Amino acid sequence: MKGKILIVDDQFGIRILLNEVLQKEGYETFQAANGVQALDIVSKHNPDLVLLDMKIPGMDGIEILKRMRVDNNDIRVIIMTAYGELDMIQEAKELGALTHFAKPFDIDDIRAAVKKYLPVPK
């Protein structure tokens, strides 16, 4: 396995697309539709990288990111948003997000970012 990736998005279609593409690349993937699921997976499986949607009902992406950092300050996170909310993007980057993608995104750009930011297995 190349690494473990958690996909956090309330949109089922986005999760399925990213899951399929990343599994074909050889990554082990986990999916979460909300913050509670995401935090549970982070604590149990310690993913190497998280693809995190910012606009999720209930606990939003910023809150999820803050809580993930409590358990694992080194966790690598790429954010996704359908909104041009620069404040939210800036706050996420201040919390350590590596980069961001606006939806709709180009799947090849996501694939390239995952390769760039995922730590090489030892």
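Scroll up for the structure.
This is a predicted model, so every value here is computed, not measured.

Cut-offs and rules
- Residues numbered from 1 in each chain as written.
- Predicted model: local features only at pLDDT ≥ 70, side-chain atom pairs only at ≥ 80, totals over all residues.
- Heavy atoms only, no water.
- Helix = DSSP H or I, 4+ residues; strand = E, 2+ residues; numbered from the N terminus.
- Buried < 20%, exposed > 50% of the residue type's maximum accessible area, 1.4 Å probe, protein only.
- Lys, Arg positive; Asp, Glu negative; His and termini not counted.
- Salt bridge = Lys/Arg side-chain N within 4 Å of Asp/Glu carboxyl O.
- Contact = heavy atoms within 4.5 Å.
- Axes fitted to C-alpha atoms, helices over the stretch in contact; angles between N-to-C directions.
- Parallel < 35°, antiparallel > 145°, perpendicular 65-115°, else oblique.
- Nonpolar A, V, L, I, M, F, W, Y, C, P; charged D, E, K, R; others polar.

Caption draft 1: Highlighting unusual backbone geometry. Following Lys 103, the chain continues to Pro 104 via a peptide bond in cis, the omega torsion being -5 degrees. Within the secondary structure, Pro 104 is located in the loop between β5 (99-102) and α5 (107-117). In this structure, Asn 46 is a non-glycine residue whose phi angle is positive, near 45 degrees. By the element assignment, Asn 46 lies in the loop between α2 (35-45) and β3 (49-53).

Caption draft 2: A look at the side chain of Arg 15. Positionally, Arg 15 belongs in helix α1 (residues 12-24). For the buried Arg 15, no salt bridge exists, and the shortest N-O distance to an oppositely charged side chain is 5.9 Å, to Asp 9. If near-sequence neighbours (up to four positions away) are discounted, Arg 15 is found in contact with Ile 7, Asp 9, Asp 10, Gln 31, Ala 32 and Ala 33.

Caption draft 3: Looking closely at the packing of helix α3 (residues 61-71) against helix α4 (residues 86-94). As a packed pair, α3 and α4 sit with axes 10 Å apart at the nearest point and diverge in direction by 5 degrees. One finds that α3 runs roughly parallel with respect to α4. Judged by residue contacts, Ile 62, Leu 65 and Lys 66 of α3 engage Met 88, Glu 91 and Ala 92 from α4. Split into classes, the residues belonging to the contact of α3 with α4 amount to four nonpolar, no polar and two charged.

So, to be careful, I would describe these as geometric facts and stop short of saying anything about function.
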